[in-house]
Amino acid sequence: MTYARMETLRTRKDAVGPALGIPSLTFRAWFEAQYGAQAYLDMGLIPRPMWMEYLVWYRRVLDLDVVNETAFAGLDFREDGLLALQVETGGQARKVFARRVVLATGLDGLGAPMQPEVANRVSPRFVKHGADLIDMALLKGKRVAIVGAGASAMDNAAAALEAGALRVDIFVRRPDIPRIDKFTGVGSQGMTHGYLGLPDADKWTYMVAGERAQIPPPRHSVQRVSRHPNAFFHVASPVDDLVEMGDGVEVVTPKGRYAADLVIFATGFSVDFGKRPEFAALRDRILLWQDVYTPPPGWEHAGIGASPYLGPAFEFRPKPDLDIATADAVSRISCFAYPAVPSHGKITSGIPSISEGATRLATGLTRSLFVEDRANHLDRFLGFDTPELLGDEWTDADLEEEVNRANG
Ligand SMILES: Cc1cc2nc3c(=O)[nH]c(=O)nc-3n(C[C@H](O)[C@H](O)[C@H](O)COP(=O)(O)OP(=O)(O)OC[C@H]3O[C@@H](n4cnc5c(N)ncnc54)[C@H](O)[C@@H]3O)c2cc1C
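A brief look at the structure comes next. (Residues numbered from 1 in each chain as written. Predicted model: local features only at pLDDT ≥ 70, side-chain atom pairs only at ≥ 80, totals over all residues. Heavy atoms only, no water.)

1. Topic: the overall build of the protein chain
For step 1, the next point in the chain: Helices and strands together make up the secondary structure of the protein chain, namely 15 helices and 15 strands.
For step 2, the next point in the chain: A globule of 408 residues ought to have a C-alpha radius of gyration of about 22 Å, yet the protein chain, at 27 Å, is considerably larger.
For step 3, the next point in the chain: Expressed as lengths along the three principal axes of its C-alpha atoms, the size of the protein chain is roughly 120 × 60 × 50 Å.
For step 4, the next point in the chain: By the burial criterion, 40% of the 408 residues in the protein chain qualify as buried. (Helix = DSSP H or I, 4+ residues; strand = E, 2+ residues; numbered from the N terminus. Rg over C-alpha atoms; globule rule 2.2 N^0.38 Å. Buried < 20%, exposed > 50% of the residue type's maximum accessible area, 1.4 Å probe, protein only.)

Have a look at this one:
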C-alpha cells in the first residue's frame, strides 16, 4: 500500500497463497463470503488494495501476534546460545530473546534498492527509486523519466501518467522489452518441491538464465502505460549519463538527450550488507554462493554470487573459519526472504508457493528445536508411564481356567 503502484496483482486469483491447505483461509473463500461466487468468477485479477484487506483479515482470524511500528535494529549472539534482538518501537529500544530467528524481510531482504552509478551524478532531488515513497500528485505537469522495463517501471510510469505528468519517457537497456516469463511458465509442483535437491550447477544455470531473460512486466501493466499518448518507450537506451540542466536534468542515451524533472530508477534490489546495519552480525559470517560455487566462464553473476548459500530449512550456513559457538548461532537464523531463491527456488517472496515455503521452514524449525531438546524429549519418553489400559479390559484365559478348576 506504499510503493506498489499496480492496479491488480500479477498472480492469478486462484493461487492458494498463504492458506496452508485450509480452504476457508483462501482469498477465494474470503471474497466469496462477502461478494458471492458469481462476483468471484466475474473478477479478472485481484485488485491490490483488496489483497491487503485479505491479509489484514488473515492476520485477524489467525490472531497473529504482529507488532507494528517496530524495527529490528541489530542482533547479538549470546554465550548461552540465545539470540538477542534489538528492537525499536516509537524510539524506545528493547531486547527480545529468541532461540530461532526468521528474517522474512522481503524483496530487498538483505540489501537495498539498487541504482546504477549514473544516478549519483545529479542532486538527489532529481532522482528516486521505484521503491521510494513518491507523492505522485506533485508530478502533475512534470516530465518524468523511468529507467527499467520490469513491472515496477510500468507501475511507476502509469502512476505518474495518471497523476497528470506532462510526459513520461521509459528507458530500456535492451533492444526489446522482455516477453517471456520463464519462472511462471515452468512453475510446477516438481519445481516447488524438487528445486532444493538440484546440484548447485543446475541451480546456478536456472538463476543466471532467469536473470538474463528477466521477468516481463504484465501485459495489462504495459497497456496501462501505452494508452497514454504522452508515454514514450525508448529501447536500446541505456542511461549513459545524467546532467543537471537548470531546474531539471538531461537523460543521455546513445539515441539522444531527454529533459526530465524527475528520474525514477525501477532497477530492482540487491544483497548489500553495507546498507543494512541491522544485519551486521551476519556480514562476513554467512556462507554465500560465491564462497562455494565457481561458475563456468560466461556464467558469472555477482548478484547471485552475493546471495546466501542456505541449508535445507532456509538456515544460514556459517563460513568455515568461525568458532563453533558463532557457527551454531549463525545457523539458528533463517532467511525466508527473496535472497533465499537461488538456494530454494521461488518459494519465498511470492504468493504462488508461499505455503509450501512456509511449511518447509516450519518443519525445519520444529526438527531443529526437537533435536536441540533431545535430552528432554528422551527423558520424557523414558519417564512416561500414563497407562492407556487400566487392566479391566481383559482377563487371562489360563488364569480363569485355573480359578474354575480350583472351584471344582
Ligand atoms: C510492485 C510489486 C508488485 C508485486 N506483485 C506481486 C504479485 O502480484 N504476486 C506475487 O506473488 N508477488 C508480488 N510481488 C512480490 C512481493 O514482494 C511478495 O509477493 C510479497 O510481498 C512478499 O512478502 P514477504 O512477506 O516475503 O515480504 P514483504 O511483503 O516485502 O515484507 C517484508 C517486511 O519486512 C519488513 N522489514 C524489513 N526490514 C525490517 C527491519 N529491520 N525491521 C522490521 N521490519 C523490517 C518490511 O518493512 C516489510 O514489511 C510484488 C512486489 C512488488 C515490489
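The structure having been displayed, the exposition proceeds.
2. A few points about the site of the ligand
For step 1, the next point in the chain: Around the ligand sit 20 residues in total, of which Arg10, Thr11, Phe72, Glu278 and Ile351 are the nearest.
For step 2, the next point in the chain: One nitrogen or oxygen atom from the main chain of Phe72 is found 2.8 Å from a nitrogen atom belonging to the ligand.
For step 3, the next point in the chain: Between Arg276 and the ligand, the recorded distance is 3.0 Å, taken from a side-chain N or O atom to a nitrogen atom.
For step 4, the next point in the chain: Burial of the ligand by the surrounding chains reaches 61%, relative to a free accessible area of 970 Å².
For step 5, the next point in the chain: For the shell around the ligand, the leading source of residues is strand S1 (residues 70-77), giving three residues.
For step 6, the next point in the chain: Taken together, the residues of the shell around the ligand sort by class into ten nonpolar, seven polar and three charged. (Near = heavy atom within 4 Å. Polar contact = N/O pair within 3.5 Å; in protein donor to acceptor, adjacent residues only side chain to side chain. Areas by Shrake-Rupley, 256 points an atom, 1.4 Å probe, with all protein chains shown as cover. Nonpolar A, V, L, I, M, F, W, Y, C, P; charged D, E, K, R; others polar.)

3. A look at unusual backbone geometry
For step 1, the next point in the chain: Here Gln214, not a glycine, exhibits a phi torsion of approximately 65°, which is positive.
For step 2, the next point in the chain: One non-glycine residue, Phe314, lies in positive phi territory at about 75°.
For step 3, the next point in the chain: Positionally, Phe314 belongs in the loop between helix H10 (302-305) and helix H11 (324-330).
For step 4, the next point in the chain: The exposure class of Phe314 is buried, given its relative accessible area of 0%.

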